[in-house]
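Take a look at the letters that make up each chain.
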Amino acid sequence: MRAGQLADQLDPAEARVARAWIGDLDAAATAMGALLVGESYSVTFRDDEATYVLTAQFSTGAEPILPGRGVAWPI
């Protein structure tokens, strides 16, 4: 969901890259495989001078809550 929201804000060329990644079943399988063994999975998109890194990781629910947040990081 966040990748789609980000794609809506990227330049057209990079938005195409992001949307292709969203629809890539092999990428989804790779991400799920990493999460199943406790590893994180990241994907990077660039737009002008900004770099966006979306990362998913397994959560135990015991992560510390940062000041000003109602939920544990990185959720």
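Presented here is a report on the structure given in the accompanying data block. Here the structure is a predicted model, which means the values were calculated and not measured.

### Description of the environment of threonine 44
Right, so step 1: With respect to the helices and strands, threonine 44 occurs in strand S1 (residues 41-47).
Right, so step 2: When near neighbours in sequence (up to four residues on either side) are disregarded, threonine 44 contacts Thr51, Tyr52 and Val53.

### Thoughts on the pattern of salt bridges
Right, so step 1: Taken as a whole and assessed by the stated rule, the structure comprises one salt bridge.
Right, so step 2: In this structure, the salt-bridge partner of aspartate 8 is arginine 19, at a minimum N-O distance of 2.5 Å. A residue pair is termed long-range when its members are at least 10 positions apart, and aspartate 8 in the loop between helix H1 (2-7) and helix H2 (12-22) and arginine 19 in helix H2 qualify at 11 residues.
Right, so step 3: Using a relative accessible area of 57% as the deciding quantity, one classes aspartate 8 as exposed.

Calculation notes
- Residues numbered from 1 in each chain as written.
- Predicted model: local features only at pLDDT ≥ 70, side-chain atom pairs only at ≥ 80, totals over all residues.
- Heavy atoms only, no water.
- Helix = DSSP H or I, 4+ residues; strand = E, 2+ residues; numbered from the N terminus.
- Contact = heavy atoms within 4.5 Å.
- Salt bridge = Lys/Arg side-chain N within 4 Å of Asp/Glu carboxyl O.
- Buried < 20%, exposed > 50% of the residue type's maximum accessible area, 1.4 Å probe, protein only.

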